[in-house]
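Observations on the three-dimensional arrangement
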10 protein chains.
Amino acid sequence: MLKGIPSILPPELMKLLMEMGHGDELLIGDGNYPKFGQPAENVIRMDGHGIPEILDAVMQLIPLDPYVDNPTMLMAVLPDDPYVPTIWDDYRKIVNKYEAKGTREIQLEKPEFYERGTHAYAAIATSETALYANIILRKGVVVPK
Amino acid sequence: MLKGIPSILPPELMKLLMEMGHGDELLIGDGNYPKFGQPAENVIRMDGHGIPEILDAVMQLIPLDPYVDNPTMLMAVLPDDPYVPTIWDDYRKIVNKYEAKGTREIQLEKPEFYERGTHAYAAIATSETALYANIILRKGVVVPK
Amino acid sequence: MLKGIPSILPPELMKLLMEMGHGDELLIGDGNYPKFGQPAENVIRMDGHGIPEILDAVMQLIPLDPYVDNPTMLMAVLPDDPYVPTIWDDYRKIVNKYEAKGTREIQLEKPEFYERGTHAYAAIATSETALYANIILRKGVVVPK
Amino acid sequence: MLKGIPSILPPELMKLLMEMGHGDELLIGDGNYPKFGQPAENVIRMDGHGIPEILDAVMQLIPLDPYVDNPTMLMAVLPDDPYVPTIWDDYRKIVNKYEAKGTREIQLEKPEFYERGTHAYAAIATSETALYANIILRKGVVVPK
Amino acid sequence: MLKGIPSILPPELMKLLMEMGHGDELLIGDGNYPKFGQPAENVIRMDGHGIPEILDAVMQLIPLDPYVDNPTMLMAVLPDDPYVPTIWDDYRKIVNKYEAKGTREIQLEKPEFYERGTHAYAAIATSETALYANIILRKGVVVPK
Amino acid sequence: MLKGIPSILPPELMKLLMEMGHGDELLIGDGNYPKFGQPAENVIRMDGHGIPEILDAVMQLIPLDPYVDNPTMLMAVLPDDPYVPTIWDDYRKIVNKYEAKGTREIQLEKPEFYERGTHAYAAIATSETALYANIILRKGVVVPK
Amino acid sequence: MLKGIPSILPPELMKLLMEMGHGDELLIGDGNYPKFGQPAENVIRMDGHGIPEILDAVMQLIPLDPYVDNPTMLMAVLPDDPYVPTIWDDYRKIVNKYEAKGTREIQLEKPEFYERGTHAYAAIATSETALYANIILRKGVVVPK
Amino acid sequence: MLKGIPSILPPELMKLLMEMGHGDELLIGDGNYPKFGQPAENVIRMDGHGIPEILDAVMQLIPLDPYVDNPTMLMAVLPDDPYVPTIWDDYRKIVNKYEAKGTREIQLEKPEFYERGTHAYAAIATSETALYANIILRKGVVVPK
Amino acid sequence: MLKGIPSILPPELMKLLMEMGHGDELLIGDGNYPKFGQPAENVIRMDGHGIPEILDAVMQLIPLDPYVDNPTMLMAVLPDDPYVPTIWDDYRKIVNKYEAKGTREIQLEKPEFYERGTHAYAAIATSETALYANIILRKGVVVPK
Amino acid sequence: MLKGIPSILPPELMKLLMEMGHGDELLIGDGNYPKFGQPAENVIRMDGHGIPEILDAVMQLIPLDPYVDNPTMLMAVLPDDPYVPTIWDDYRKIVNKYEAKGTREIQLEKPEFYERGTHAYAAIATSETALYANIILRKGVVVPK
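Quick summary incoming for the structure in this document. Keep in mind that what you see is a predicted model, and the values were worked out from it rather than measured.

**A closer look at the overall build of chain A**
Counting secondary structure elements, chain A contains four helices and six strands. Secondary structure elements of chain A, listed N to C terminal, follow the sequence α-β-β-α-β-α-β-α-β-β. Scaling as 2.2 N^0.38, a compact globule of 145 residues should have a C-alpha radius of gyration of about 15 Å, and chain A matches this with 14 Å. For chain A, the C-alpha atoms occupy an extent of roughly 50 × 30 × 25 Å along the three principal directions. Across the 145 residues that make up chain A, the buried fraction comes to 61%. Pairs at least 24 apart in sequence give 87% of the contacts found in chain A among residues at least 6 apart. Accessible surface computed for chain A: about 5600 Å², of which carbon and sulfur atoms make up 52%.

**Remarks on helix 4 (residues 110-117) of chain A**
Residues and elements named next belong to chain A. The set of residues buried in helix 4 consists of F113, Y114 and G117. One side of helix 4 carries all its buried residues, which in axial view fall inside an arc of 100 degrees. At its buried positions, helix 4 is contacted by strand 1 (25-29), strand 3 (72-75), strand 4 (105-108) and strand 6 (135-138).

**So, the environment of D81(E)**
Residues and elements named next belong to chain E. Relative to the helices and strands, D81 is located in the loop between strand 3 (72-75) and helix 3 (87-98). Accessibility expressed as a relative area gives 26% for D81, which makes it partly exposed. Along the primary structure D81 and K110 are separated by 29 residues, whereas in three dimensions their C-alpha atoms are 13 Å apart. Polar contacts involving the side chain of D81 include one to the main-chain amide nitrogen of Y83, which spans 2.8 Å.

**Structural notes on the pairing of strand 5 (residues 122-125) of chain I**
Residue and element names in this part refer to chain I. Both faces of strand 5 are covered, namely the face carrying A122 and I124 and the face carrying A123 and A125. Pairing of strand 1 (residues 25-29) with strand 5 involves four bridges; the strand directions are parallel. Residue pairing for strand 5: G29 is matched across the bridge by A125. Two strands pair when backbone bridges link them, and strand 2 (residues 43-45) and strand 5 are joined in this way by three bridges, in the parallel orientation. Within strand 5, the residue paired with R45 across the bridge is A125.

**Some points on the relation of the copies chain F and chain A**
You can overlay chain F on chain A at an RMSD of 0.0 Å; the transform is a turn of 180 degrees with a shift of 0.0 Å along its axis. Both copies of the chain, as the preceding transformation shows, are related through a two-fold rotation axis. The C-alpha atom lying nearest the rotation axis in chain F is that of K15(F); the distance is 2.9 Å. The overlap is high: 100% of the interface residues of chain F also sit at the interface in chain A, so the same surface is used on both sides.

**Observations concerning the interface of chain F and chain A**
Across the boundary between the two partners, chain F contributes 26 residues, which contact 26 residues of chain A. Overall, the association of chain F and chain A removes approximately 2200 Å² of surface from exposure, summing both partners, and the carbon and sulfur fraction of that is 71%. Among the residues of chain F in contact with chain A, L2(F), K3(F) and M18(F) are the three that bury the most area, contributing 37% of the side total. Taken together, the links from chain F to chain A amount to one salt bridge. Ionic pairing is found between E12(F) and K15(A), a salt bridge with its closest N-O pair at 4.0 Å. Our enumeration of links across chain F and chain A arrives at eight residue pairs in polar contact (both at pLDDT 80 or more). In terms of residues, the side of chain F that touches chain A owes the most to one element, helix 1 (residues 11-19) of chain F, which gives seven residues. Taken together, the residues of the side of chain F that touches chain A sort by class into 17 nonpolar, three polar and six charged.

**Overview of the pattern of salt bridges**
Residue and element names in this part refer to chain I. This model, assessed by the stated rule, comprises 81 salt bridges over all chains. Here R116 ties to E25 by a salt bridge, and the two come within 2.7 Å at their closest N and O atoms. Residue R116 is located in helix 4 (residues 110-117), and its partner E25 is located in strand 1; the two are separated by 91 residues in the primary sequence. For E25, a relative accessible area of 8% corresponds to the buried category.

**Remarks on the arrangement of the chains**
Over all C-alpha pairs, chain C and chain G never come within contact, reaching a minimum spacing of 21 Å. One finds no contact linking chain C with chain J; the least C-alpha distance across the pair is 31 Å.

**Considering the relation of the copies chain E and chain C**
Laying chain E over chain C is done by rotating through 72 degrees and shifting 0.0 Å along the axis; what remains is an RMSD of 0.0 Å. Taken together, the rotation and translation describe the operation of a five-fold axis. Using C-alpha coordinates, one finds that chain E approaches the rotation axis most closely at A40(E), a distance of 11 Å.

**Side note on the interface of chain E and chain C**
With 11 residues of chain E in contact, the opposing surface of chain C contributes eight residues. Both sides of the chain E and chain C interface together cover about 790 Å² of buried area, and 52% of this is carbon and sulfur. The three residues of chain E that bury the most area against chain C are E19(E), H22(E) and D24(E), which together make up 49% of that side's buried surface. Here chain E is connected to chain C by zero salt bridges. Linking chain E to chain C there are four residue pairs in polar contact (both at pLDDT 80 or more). When its residues are assigned to classes, the side of chain E that touches chain C shows five nonpolar, four polar and two charged.

**Topic: the sheet that holds strand 2 (residues 43-45) of chain J**
All names here are of chain J. Sheet architecture is open: six strands sit in the order 2-5-1-6-3-4, paired in mixed fashion. Each edge of the open sheet is held by one strand with a lone partner, namely strand 2 and strand 4 (105-108). Taking each pair of neighbouring strands and ignoring which way they run, the sheet shows an average axis angle of 20 degrees. Where strand 3 (residues 72-75) and strand 6 (residues 135-138) come together, three bridges link them in antiparallel fashion. The residue bridging M73 from the neighbouring strand is I136, located in strand 6. Running at roughly 145 degrees to strand 2, helix 1 (residues 11-19) makes contact with strand 1 (25-29), strand 2 and strand 5 (122-125) of the sheet.

Analysis parameters
- Residues numbered from 1 in each chain as written.
- Chains lettered and ligands numbered in written order.
- Predicted model: local features only at pLDDT ≥ 70, side-chain atom pairs only at ≥ 80, totals over all residues.
- Heavy atoms only, no water.
- Helix = DSSP H or I, 4+ residues; strand = E, 2+ residues; numbered from the N terminus.
- Rg over C-alpha atoms; globule rule 2.2 N^0.38 Å.
- Buried < 20%, exposed > 50% of the residue type's maximum accessible area, 1.4 Å probe, protein only.
- Contact = heavy atoms within 4.5 Å.
- Areas by Shrake-Rupley, 256 points an atom, 1.4 Å probe, with all protein chains shown as cover.
- Arc of directions from axis to C-beta.
- Polar contact = N/O pair within 3.5 Å; in protein donor to acceptor, adjacent residues only side chain to side chain.
- Pairing = 2+ DSSP bridges.
- Least-squares fit on C-alpha atoms with pLDDT ≥ 70 in both.
- Buried area = accessible area lost by both parts, 1.4 Å probe.
- Salt bridge = Lys/Arg side-chain N within 4 Å of Asp/Glu carboxyl O.
- Nonpolar A, V, L, I, M, F, W, Y, C, P; charged D, E, K, R; others polar.
- Axes fitted to C-alpha atoms, helices over the stretch in contact; angles between N-to-C directions.

Keep in mind these numbers describe shape, not what the thing actually does.
Here it is, written out as structure tokens:
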């Protein structure tokens, strides 16, 4: 643990977040997210945690990409599924705390989301049980003080 | 995730728990537990979790050693420290759910505890913030049905 | 060994089953299953065991994918082969114990089966001697209690 | 699988048995055998199998050391334990099939057995549930025809 | 060395032969066989040995594939080369000892042979000096007694 | 780079600082610090940097051990060396910014310092050119907010 | 550190610079340079340093390729961006000290620059904060005295 | 060092030369030969040596391929370059000592040479300073006495 | 294979022989030589070969140490064993071909021989079946011509 | 190759020289130097080179330790050996070019020299044929300009 760093973040994840540059993406998958949708390397397990608490910790450290329209990607609800993913509202509230422009999200169809996830620089495997909770974040530019 | 397995358990930890035999020990350290007190290998990070919720999941899977007097080891409070580690009561309640004979604990002096911890087969690094919360469990005999 | 976990399961397989997500597939091959039909990594050897006893242990832990028509894949009997794979009935009985909807199987032609097997997340190499005994399972969604 | 080779033997174990020379030892441990009593390398898991079926396969391939008095080592029953390890009779019958002079066993006290086990060239981790079932075999001289 | 196993076989080769399944192929190359014609992994060196003595040992352990017309592949003599590879007769005699149907060989043109060799599951590098002595074997189905 | 994290810190060093627990030590050596005085692993190179700027970044993240008298160790000036290490004053000023009790330093004789350095959990190799600039920090307890 | 070698250069970078031949390229990226634009291997971190001081050290050791028109590549300013990268003037001054013909630079569009960067033999990750500061150098022929 | 083996040859190179078969190629590059023209593996550094002395040692051990017209490949002088590579005469004299038919060389255009070099089984990195000194040798058939 | 190099020598062994210096020792063990008597690394398998043919090839390349009285070590016949190891005469004849002073052997008691073997720089595992055939060679000084 | 760096130095050696600090030692052994006298890691082969040319290149880069009486160690001539190692004069001339105080050498008895060599941070294996040519250098303090 370190002063001022959320204790929920594993050291290896911290290292990956620091290595990511402008435009590199981070995938946070739910508890049933398939291996075939993950990058071949840099998968960090955070079993027992839901996504919101992780998202909050990550957003304290990384800015979203201001140069693209949609730096946040969500998995679109299937056409015939009446489910309403209320967890997205939690995501929006969390991101709003750190980003003036908010999530500026886009919804990707399931196969497209999986395909995009495999190109992420890093991924976090969680135990989130909410449906359609998977999220991809595109890192912006960090400006040291 | 698997049916009936606590989702808090990382796959790698599950593998290590299965590999442990009768008399092998598991160390669960708090958020400030030093590296010099851990085994050289098989350290699983569970950042963001307290020890009680991990202990509860582990105790569902492993029995304590019935052949020794003290299959549970705690770190003794320093002589001049008035602190009362109430988390031990939580441990006792959790263990009692799974073990008829309870924790049958012993308190080890700090240096002895660190020394013992380095010989554990596996260790879990947590973010537990309670003081004197470190615990070592000695695995018993599993009898398949 | 652990309480409540079938002792037939190797720790490394347990780890892989936990890592698998929704839609990831598991290949269980017979004693003569070729290497060219297996995934490049994550092949667990279970020499000396037939497939039914392994299938029973695996099905206690993973649900089948409810979102596809055929979460179970078998290798189709060759057109001119009069052999009747009675072991399939064993498979159906075993799966029925754990899945209300049963195997909902499909038969894949031999080359297609091999091709599919190479994309499985994990494979088990057994000593099963029955013909046409190879099977692929597609994992569903685990919902923690 | 190969012609004439017991299908229960994993390829990696076969390799280790071939590498062993005169006087090298093989440990076969039960389902609760501790990691601290095993060699640091060359541990082969054979989950789901009892020791007798493994012993039978191994004895088809290796001779016992004829130059020592006790090429077979068993773990002695604790002084105050009335348990009678009938599995030893199974061992004796199996060994007698392959060795004219039989097991010529010696019983080692528990700590001595663990200590000796750590020096074995290879070890097999089984799911044997019988008590006092652990066994160490000392390989003899193979004379090619 | 083991009882009943030809002492010429290296432990690592034995392991590979056991891992091979129905349809997997084994390449045995002569002393000048190029690296570019070998598989990327699983190349076993048997320097100082000719191919016939190795072939004899291998054929004691693996059956040829009965489901294809040509489970044995030889490298065809170049069109304008008057050389007669008499070593092929040795191969035929050796194989006939173990296979009722014999080699049922096919000759592959040099480039095709090299191409096929790179897909073998394993290869043996020998010191054979006879010309056109390279051979590929396709493993059949092993039926345990 | 991350928001709020000094950009001078390499990701791998950040990971190591997070892994360190209470009582683990960090060695920061000058540009001529010998390999024989460093730990066998976890050596991070920060060529081109002096120690003060690194110390400042590190002290933003780790507390010093409040349970020992001397959580900071310096290398004592040789008895017959008139050199006055003014860089120590820089160290004291930097540490005072983050620690109410200051460095509470002790000076170790050269051989003792080297010996202690080999037991550090991590080391930083710098290009510091000031004499007697080597420093060892003993990490304290981090209390999450 | 070595006599006459800039102390800012990490040993591993020195090794890579020596391995590079005529026509091999070196990428020096700013603090937000993405991982997807870097080569898969040979990425050296030089956190806390700006590019000019690194460029100066590197140019002392490597000549630019005299056989191509543009041995230096810069990332072109986006069409609608009024930003003027004054750091390029620093680069030109530095290179002029070591190369009679100067940088002879070309500007590559952002996507082309990233694509080219992935083919570099080595890359340096810096903490440079100036915009459009990324640079690729193409090594020339070294003629020993 | 060994009796009768040129002491200039590194043990690792000797191993690679022995592994090469008929038709495998060896690249010997000059001191500025680029990494992008070398094979991904098996690059042996022989810093401080010119190519002729290495060529002489290598030619004592490997025959050139008698089945192709041009077992030796040189890098063609650029069309507008008046340079005459006199080192080629040295190569011819050296090869003539060991090969009755001489080098039977062909000149490859620069890009073609680099492309071919990447497919060599092994490469030697030298400090040769002569221009157009790079050479590729194609190994022939070794006939043991 | 290479010109003038015995084809029986594996490339890896050749590399090890070249790496050995004055006073380094080579162990050649029979088919039942135990692993506990071998060095931890650098064990080359030469299954299917007897020791004399290997010894002849090795002696073509390495001189024996002229500075010690006994550069050749044999395993002494047990006191009560009437066996006469006639293979030693073969060894003496082979060595005499290459060494003017012959083997100048010494016999080591079994335990001493095993102990010494573990310190050898390299070992060869053969299929030699003669008794008391193990041999250790101490390399001398190679003088290049 | 790099500008101003002796081309005889391998990149890996350059890296090791840069990593060495004050008091770390470098061993340069002759062509028959034994492996048991070398460090376990960091051995660089420079086959085909004598020691003087290497020493000259190394001394351009590293200073000798001014804080000890004997920063250079040579292997003492055996008591009854009339040989006069004239190569030492070459060493003294080379060192004098770079060190005002010269070699300030000490002679170590053979066993002591070997023992010391194993503790060197790095070693160079040469093809030097002169007797008593082995040398150990103790690195001093580098002061950047």
